[in-house]
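Survey of secondary and tertiary structure
The chain contents come next:
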Amino acid sequence: GAVVSQHPSRVICKSGTSVKIECRSLDFQATTMFWYRQFPKQSLMLMATSNEGSKATYEQGVEKDKFLINHASLTLSTLTVTSAHPEDSSFYICSALNLNRTVRTQYFGPGTRLTVT
Amino acid sequence: KQEVTQIPAALSVPEGENLVLNCSFTDSAIYNLQWFRQDPGKGLTSLLLIQSSQREQTSGRLNASLDKSSGRSTLYIAASQPGDSATYLCAVRPISPRLTFGEGTQLTVNP
């Protein structure tokens, strides 16, 4: 079945540094990928929609200069948290949309736990 | 704006019990509805996907129903097991690809 991977699975960084998270679709091409964040005991909140070869679309309230998204190929999207602060600590989950199937299906990665100290 | 509500927020049952998780949504113009399972600290595992034209989907001990006109879906779990303990999320998709998630139901099945 379709698989979406994320790397790293867990990262701890110091306040003020930048962190890059990779999301890969392993056996299908994904023209559209999504980035979510999830705080403890809360549901997933969509941060942005990433389209290959074009600028990402950010949800209201999400700072595009702080959360840089690059979708340079059909199998890779990256999220860079710039100048991270403790309040950015969260669980980040990416998702890739597979349009090749009869039913449009969204596959989720395993998530990246970011802790900013 | 689409809103998705899941009831109950938490549920604790003894092993072997049949149970129902509820999901309601405010805008019936959906493309499909999906039920996910999330284990602590993990990503999402898709359980069942129901197209807007369908009424239900079944997979093993799981059965999901959809009543689009009333904005409701249920996830039925038969003969629950401790391994079913997880958070169950309902998500709806409009014509655009953006999913809207409910807050989830945290299920605990006690041995």
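Before reading further, recall that the structure is shown in the block above.
Residues numbered from 1 in each chain as written. Chains lettered and ligands numbered in written order. Predicted model: local features only at pLDDT ≥ 70, side-chain atom pairs only at ≥ 80, totals over all residues. Heavy atoms only, no water.

Quick notes on the overall build of chain A
Looking only at helices and strands, chain A features zero helices and 11 strands. Relative to the compact-globule value of 13 Å for 117 residues, chain A shows a C-alpha radius of gyration of 14 Å, a close match. Judged by the C-alpha coordinates and their principal axes, chain A covers about 45 × 25 × 20 Å. Out of the 117 residues belonging to chain A, those deemed buried represent 50%. Sequence-distant contacts, at least 24 apart, represent 54% of the contacts inside chain A between residues at least 6 apart. With the model as given, the accessible surface of chain A reaches about 5,800 Å², and the carbon-plus-sulfur share is 51%. Positive and negative side-chain charges in chain A, numbering 12 and 8 respectively, have mean positions lying 5 Å apart. (Helix = DSSP H or I, 4+ residues; strand = E, 2+ residues; numbered from the N terminus. Rg over C-alpha atoms; globule rule 2.2 N^0.38 Å. Buried < 20%, exposed > 50% of the residue type's maximum accessible area, 1.4 Å probe, protein only. Contact = heavy atoms within 4.5 Å. Areas by Shrake-Rupley, 256 points an atom, 1.4 Å probe, with all protein chains shown as cover. Lys, Arg positive; Asp, Glu negative; His and termini not counted. Charge placed at Lys NZ, Arg CZ, Asp CG, Glu CD.)

What to know about the overall build of chain B
When its secondary structure is counted, chain B shows zero helices and 11 strands. Here chain B has a C-alpha radius of gyration of 13 Å; the compact-globule value for 111 residues is 13 Å, and the two agree. Projected onto its principal axes, the C-alpha positions of chain B cover 40 × 25 × 20 Å. For chain B, the residues scored as buried account for 42% of the 111 residues in total. When contacts within chain B are restricted to residue pairs at least 6 apart in sequence, those whose partners lie at least 24 apart make up 54%. Looking at chain B as shown, the accessible area adds up to about 5,300 Å², and 49% of this sits on carbon and sulfur atoms. Each charge class in chain B can be summarised by its mean position, and for the 9 positive and 9 negative side chains these summaries are 7 Å apart.

What to know about the state of the cysteines
Residue and element names in this part refer to chain A. Counted under the stated rule, the structure contains two disulfides over all chains. Disulfide pairing places Cys23 opposite Cys94 at an S-S distance of 1.9 Å. Its S-S torsion of about 75 degrees marks the bond between Cys23 and Cys94 as right-handed, since a negative value means left-handed. Of this pair, Cys23 sits in strand S3 (residues 19-25) while Cys94 sits in strand S9 (residues 90-98), and the two are 71 residues apart along the sequence. Comparing Cys23 with Cys94, the two get one shared label, buried. Looking at the unpaired Cys13, the closest cysteine sulfur is the one in Cys94, lying at 18 Å. Note on Cys13: relative accessible area 10%, which makes it buried. (Disulfide = S-S within 2.5 Å.)

Comments concerning unusual backbone geometry
Residue A:Pro8 follows A:His7 across a cis peptide bond; omega there is 0 degrees. Within the element layout of this structure, A:Pro8 appears in the loop between strand S1 (4-7) and strand S2 (10-13). In the segment running from B:Ile7 into B:Pro8, the intervening peptide bond is cis, with an omega of 0 degrees. Assignment of secondary structure puts B:Pro8 in the loop between strand S1 (4-7) and strand S2 (10-14). With phi around 45 degrees, A:Ser83 is a residue other than glycine that occupies positive phi space. We classify A:Ser83 as partly exposed; its relative accessible area is 34%.

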